[in-house]
Amino acid sequence: MNPILRRRLADLGVSEGVMIRLKGKGPFMGPITLECNGQLFAIRRKEASMIEVKVS
């Protein structure tokens, strides 16, 4: 993963073991809106595709 993206996600509180919720998808392959620790943020679909998740 791009180190800049990794740092940005870490600054937003995204790290291994943290629960992330999908809140929405932009139209026409637009950004993905996620929620982590009560904070909403959007990232590109290409970047989101690099995140590995475990569904619980």
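Enquirer: Lay out unusual backbone geometry in plain terms, naming residues and giving numbers.
Expert: The phi angle at Phe 28 is positive, at roughly 55°, despite the residue not being glycine. The residue Phe 28 is located in the loop between β1 (20-25) and β2 (32-36) in this model. Of note, Met 29 is a non-glycine position whose phi angle comes to about 60°, a positive value. Positionally, Met 29 belongs in the loop between β1 and β2.

Enquirer: Which residues make up the environment of Ile 32, and what are the values?
Expert: Among the structural elements, Ile 32 can be located in strand β2. Ile 32 gets classed as buried once you look at its relative accessible area, which sits at 10%. In the structure, Ile 32 is positioned 12 residues away from Arg 44 in sequence and 6.2 Å away in space, judged by C-alpha atoms. If we ignore the near neighbours within four places in the chain, the residues touching Ile 32 are Leu 22, Gly 24, Lys 25, Phe 41, Ala 42, Ile 43, Arg 45 and Ala 48.

Enquirer: Go over the pattern of salt bridges, please, and point to the residues and values.
Expert: Taken as a whole and assessed by the stated rule, the structure comprises 3 salt bridges. With a closest N to O distance of 3.1 Å, Arg 7 and Asp 11 form a salt bridge. On the criterion of helical spacing, the pair formed by Arg 7 and Asp 11 is a turn pair, its members being 4 residues apart in helix α1 (residues 3-11). The class for Arg 7 is exposed, based on a relative accessible area of 56%. Given the relative accessible area of 54%, Asp 11 is considered exposed. The partner of Glu 47 in a salt bridge is Arg 44, and the shortest N-O contact between them spans 2.9 Å. The exposure class of Glu 47 is buried, given its relative accessible area of 16%.

Enquirer: Describe the nonpolar core, naming the residues involved and giving the relevant values.
Expert: One finds Leu 5, Leu 9, Leu 12, Val 14, Ile 32, Leu 34, Cys 36, Phe 41, Ile 43 and Ala 48 forming the largest nonpolar core, which totals 10 residues. Contributing elements (two or more residues each) for this core: α1, β2 and β3 (39-43). Setting aside residues up to four positions removed in sequence, Leu 9 forms contacts with Met 1, Val 14, Phe 41, Ile 43 and Ile 51.

Basis of the calculations
- Residues numbered from 1 in each chain as written.
- Predicted model: local features only at pLDDT ≥ 70, side-chain atom pairs only at ≥ 80, totals over all residues.
- Heavy atoms only, no water.
- Helix = DSSP H or I, 4+ residues; strand = E, 2+ residues; numbered from the N terminus.
- Buried < 20%, exposed > 50% of the residue type's maximum accessible area, 1.4 Å probe, protein only.
- Contact = heavy atoms within 4.5 Å.
- Salt bridge = Lys/Arg side-chain N within 4 Å of Asp/Glu carboxyl O.
- Core = buried A, V, L, I, M, F, W, Y, C linked by side-chain atoms within 4.5 Å.

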